[in-house]
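Chains, contacts and geometry: an overview
Spelled out, the chains give:
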Amino acid sequence: MPGQQHVAPARRLVLTLEKGLVGCAAEAAAYGQCVTASAEIISRHACQAQFEAFKACAQKTLKRRW
């Protein structure tokens, strides 16, 4: 079936992200709350501090630079 060869790597990526980011739940929640609160009047750097905290946690947890 066409496209099946891409399913396994994509599934592995999702599982890796899921396992790696479990430890960043607080940072992800803070970022999500900020975005939700600012949804109607969001600007480019409205939630920059929360995003940077989430990004730092993800990089530390996954040991990868994004």
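You'll find the structure just up there.
Quick look at the structure, then. (Residues numbered from 1 in each chain as written. Predicted model: local features only at pLDDT ≥ 70, side-chain atom pairs only at ≥ 80, totals over all residues. Heavy atoms only, no water.)

Points about the state of the cysteines
Scanning all chains against the criterion turns up two disulfides. Through a disulfide, Cys 34 is tied to Cys 47; the S-S separation comes to 2.1 Å. Between Cys 34 and Cys 47 the sulfur-sulfur dihedral comes to about -90°; the bridge is accordingly left-handed. In this pair, Cys 34 is assigned in helix α2 (residues 25–37) and Cys 47 in the loop between α2 and α3 (48–62), connecting sequence segments 13 residues apart. Both residues of the pair, Cys 34 and Cys 47, belong to the buried class. When the cysteines of the protein chain that form disulfides are numbered from the N-terminus onward, they connect as 1-4, 2-3. (Disulfide = S-S within 2.5 Å. Helix = DSSP H or I, 4+ residues; strand = E, 2+ residues; numbered from the N terminus. Buried < 20%, exposed > 50% of the residue type's maximum accessible area, 1.4 Å probe, protein only.)

A short note on α3
With 15 residues, α3 extends 21 Å from end C-alpha to end C-alpha; this agrees with the ideal 21 Å at 1.5 Å per step. Every buried residue of α3 is listed here: Cys 57, Ala 58, Gln 59 and Leu 62. In this structure, the buried side of α3 is in contact with α1 (7–21) and α2. Looking one or two residues beyond α3, the residue adopting positive phi is Lys 63, at roughly 55°. (Expected span 1.5 Å × (residues − 1). Contact = heavy atoms within 4.5 Å.)

As for the packing of aromatic side chains
Counted under the stated rule, the structure contains one aromatic pair. Their ring planes at 55° and their centres at 5.6 Å tell us that Tyr 31 and Phe 51 sit as a pair that is tilted. Residue Tyr 31 is found in helix α2, and its partner Phe 51 is found in helix α3; the two are separated by 20 residues along the sequence. Judged by its relative accessible area of 28%, Tyr 31 is partly exposed. (Phe/Tyr/Trp six-rings, centres within 6.5 Å; stacked < 30°, edge-to-face > 60°.)

Just geometry here; none of it tells us what the structure is for.
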